[in-house]
Amino acid sequence: MVSQAERGNAVLAKPAASKIPAYRTLFCFVVPCSPNVCAVQKLIGTNRKYFTNCKQWYQRKICGKSTVISYECCPGYEKVPGEKGCPAALPLSNIYETLGVVGSATTQLYSDRSNLRPEIEGPGSFTIFAPSNEAWASLPAETLDSLVSNVNIELLNALRYHMVNKRVLTDDLKHGTTLNSMYQDLPIQIHHYPNGIVTVNCARLLKADHHATNGVVHVIDKVIATTTNSIQHIIETEESLETLRAAVAASDLNSLLESEGQYTLLAPTNEAFEKIPRETLNRILGDPEALRDLLNHHILKSAMCAEAIIAGLTMETLEGTTLDVGCSGEELTLNGKPIIANKDVLATNGVVHFVNELLIPDSAKTLFELAQESEVSKSMDFFRQAGLSSHLTGSERVTLLAPVNDVFKDGLPVVDSNMKNLLLNHIIRDQLSSKYLYHGQKLQTLGDKELRVFVYRNNLCIENACIAAHDKRGRFGTLFSVDKMLTPPSGSVMDVLKADHRFSTLVAAIQSAGLTENLNRPGTFTVFAPTNEAFRAMPQGELNKLMGNAKELANILKFHVADEILVSGAVSALVRLKSMQGDKLEVSTKNNVIHVNKEPVAESDIMATNGVIYAVNSVLQPQASRPQERGDEPADPALEIFKQASALSKVKDKKISRSPVYSRLLARMKENSGGF
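Residues numbered from 1 in each chain as written. Predicted model: local features only at pLDDT ≥ 70, side-chain atom pairs only at ≥ 80, totals over all residues. Heavy atoms only, no water.

Looking at an unreviewed UniProt entry, one finds the chain named Transforming growth factor-beta-induced protein ig-h3 and attributed to Buteo japonicus. One UniProt comment on the chain, placed under Subunit (unreviewed entry), says "Binds to type I, II, and IV collagens." (UniProt positions renumbered as here; feature names shortened; annotations may be inferred.)

This is the structure we're talking about:
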């Protein structure tokens, strides 16, 4: 047994914050103009300090905790009174003596007790990864007692496992390599991470490259143990991984987890599986492809020791997805959640971290599961109320266009037969990926509508609904989050205009100008459609002139039509369209309102099979074709237009109020024609 006095002399007292991972340091960052002075990062609130390096220099935080920078002599140098920096080089001594200098007095003591001292004082060229005093103190008492009370054999073996029979400097410690230890040539695993951190069997190098006459000393933050088991063997022998063991066997991943390599297994415990709804868990366990994706999502492509994590980083899984691995204070996190229960269980082919929550990848989820706790959760309630759940939870290959929650900030619409049909047109008959969509592509919906794809510089839209977030691909369905309820097209531009009483005057004008056939044919039009109100707002002289000149009327109407489809979601600061008249139309957005030639749009995205319509409350006029004042009365063609408009208005809306100008014109037409 180790006496209390011996333990007190051998190791430093364990600090109160010793559970904070000692992640962080490695090589000296030499301060300019001060010879042999190194920067040290100190973790505020603890007595821990770490020799920093350039890669960590500007972070000033370790797992969210602030650090301060101080300076001290680099290893092997000391101050000289009256001189700057640390100019004096200390004489080299053997490894045994060096252990006492570098903060590993406990390793020095145990070297003496185990009869290792003569070897590390004598001739040779050795490397020792020496546990710090705090590392020995952090061992469980029973572990330490068993080491030092077994006639020194176990202690000697343990120390020799920390040694290599050659001089190895940090430049030689390459990522993913192994070194043969001096205990039965058992391997020591080395990882040298991009952030500069080096680990030895997942113990971090605290102070590196302390030269001795017979080798080199590296101080590490843990007592390392031999490793003889593969990841698969750990799964098979750990009681808390019983459910994982069955899942691995069912997915035929045993051979992978037994094979050579360097993996990280985020091993879900039995408790993690129990947290999943039974229906969801049974579905995944009964689906070989979903199960394999689930397990591969828990396997990282490289070994990642906890001590190498000092801030957030993204790691790729065998499933092809990524996980955000980070830390917060004392805890490691996955995707921002502190769910790692036990870390750095070393295996011959990697490292295992036990996690107490199951990480279900999108590829193993239903559409409903993809949408949980997301920006489209209200849409899911909407589809559920409409009785469409079966399309979103089964094995049907579909793509769901789900409006984001902001669309329903005033509440969900009432679900009736029309609304159910509209929602069916938000479900596409195929599992798509947005990156493969192309401009002009046609998509078939469960509601038997054909939807068009529009690709713009700043957006990707399906009809009037533009994709608002990266799509999520589930087991059978893909989720597209869109910025508004989709409006399937119904009829040509002329059909839509005729069906809306607001455009009766425009319809009559189009017919009079001979443009009906143009707007009925297949095409890709954007129409800025003046409402009846727009025509009523025109000065009487301008209106009379316009309606009395068929050629000028056609010219003005063509100025309201562009031969390409532009939905509102594609309008950023400014978009210029060439009108069929030839001049440019300037479409912009301000305070979430679409403007055309600086005139606000009353309604956007009225979809037609051959275009899109915007309702505007003003008649747009090209600069070069401004009408000039004229005193004569409307000619017969104008009277005919108003007859047509009046007839349409009577049918569509008998209660529409008329402006004085329009009323006087109707009165004149009655006088001249004897009524309609």
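On we go.
Engineer: Which parts of the structure should I look at to understand the side chain of T127?
Structural biologist: Tracing the chain through its elements places T127 in strand β7 (residues 126-131). A distance of 2.7 Å separates a polar atom in the side chain of T127 from the backbone nitrogen of V168. Leaving out residues up to four positions away in the same chain, T127 has contacts with H162, M163, V164, K166, R167, V168, V216 and H218. (Helix = DSSP H or I, 4+ residues; strand = E, 2+ residues; numbered from the N terminus. Polar contact = N/O pair within 3.5 Å; in protein donor to acceptor, adjacent residues only side chain to side chain. Contact = heavy atoms within 4.5 Å.)

Engineer: Please explain the pairing of strand β31 (residues 574-578) as it appears in this structure.
Structural biologist: Remember that side chains alternate between the two faces of the sheet whenever the strand is regular. In β31, alternate side chains face the same way, and those of V575 and L577 are buried while those of L574, R576 and K578 on the opposite face are not. Across five bridges, β31 lies against strand β32 (residues 584-590) in antiparallel orientation. Across the sheet, L577 pairs through a bridge with L585, a residue of β32. Linkage of β31 to β32, two consecutive antiparallel strands, is achieved through a turn of five residues, within which G582 is found at a positive phi near 120°. (Buried < 20%, exposed > 50% of the residue type's maximum accessible area, 1.4 Å probe, protein only. Pairing = 2+ DSSP bridges.)

Engineer: Would you take a moment to explain the packing of helix α6 (residues 141-149) against helix α7 (residues 153-161) for this structure?
Structural biologist: The relative placement of two packed helices comes down to the angle between their axes together with the axis-to-axis distance. As a packed pair, α6 and α7 sit with axes 5 Å apart at the nearest point and diverge in direction by 105°. When the interaxial angle is binned, α6 and α7 end up roughly perpendicular. Counted together, S146, L147 and V148 of α6 and E154, L155 and A158 of α7 form the full contact between these two elements. (Axes fitted to C-alpha atoms, helices over the stretch in contact; angles between N-to-C directions. Parallel < 35°, antiparallel > 145°, perpendicular 65-115°, else oblique.)

Engineer: Please explain the packing of aromatic side chains as it appears in this structure.
Structural biologist: Describing an aromatic ring pair means giving the distance of the ring centres and the angle of the ring planes. As enumerated under the stated definition, the model contains four aromatic pairs in all. Pairing F382 with F408 gives two aromatic rings, centres 5.5 Å apart and planes at 80°, and the pair type is edge-to-face. You can see F382 sitting in helix α15 (residues 377-385) and its partner F408 sitting in the loop between β21 (398-403) and α17 (417-424), a full 26 residues away along the chain. Of the two residues, F382 and F408, neither departs from the other in class, the shared state being buried. (Phe/Tyr/Trp six-rings, centres within 6.5 Å; stacked < 30°, edge-to-face > 60°.)

Engineer: Could you clarify how one ought to interpret the pattern of salt bridges in this entry?
Structural biologist: Any two side chains of opposite charge can pair, given that their charged atoms come close. Counted according to the given criterion, the structure contains 20 salt bridges. A salt bridge links E307 to K222; its shortest N-O distance comes to 2.8 Å. Placement of the pair is E307 in the loop between β15 (299-300) and β16 (313-316) and K222 in the loop between β13 (215-220) and α8 (231-237), with a sequence separation of 85 residues. Take E307: its relative accessible area is 4%, and that puts it in the buried class. Residue K222 is classed as partly exposed on the basis of its relative accessible area, which comes to 28%. With a shortest N-O distance of 3.8 Å, E450 and K442 are connected by a salt bridge. Residue classification places E450 among the partly exposed residues on the basis of a relative accessible area of 40%. Because the salt bridges share partners, they merge into one network encompassing D112, R117 and E121. (Salt bridge = Lys/Arg side-chain N within 4 Å of Asp/Glu carboxyl O.)

Engineer: Whenever I open this one, the sheet that holds strand β34 (residues 599-608) confuses me. Can you help?
Structural biologist: The strands that make up a sheet pair up through hydrogen bonds in the backbone, lying either parallel or antiparallel. Taken together, the seven strands give an open sheet; going across it, the order is β30-β29-β35-β34-β33-β32-β31, and neighbouring strands pair in mixed fashion. Unpaired on one side and paired on the other, β30 (561-562) and β31 mark the two borders of the sheet. The pairing of β32 with strand β33 (residues 593-596) spans four bridges and is antiparallel. What sits directly across from K590, in β33, is V593.

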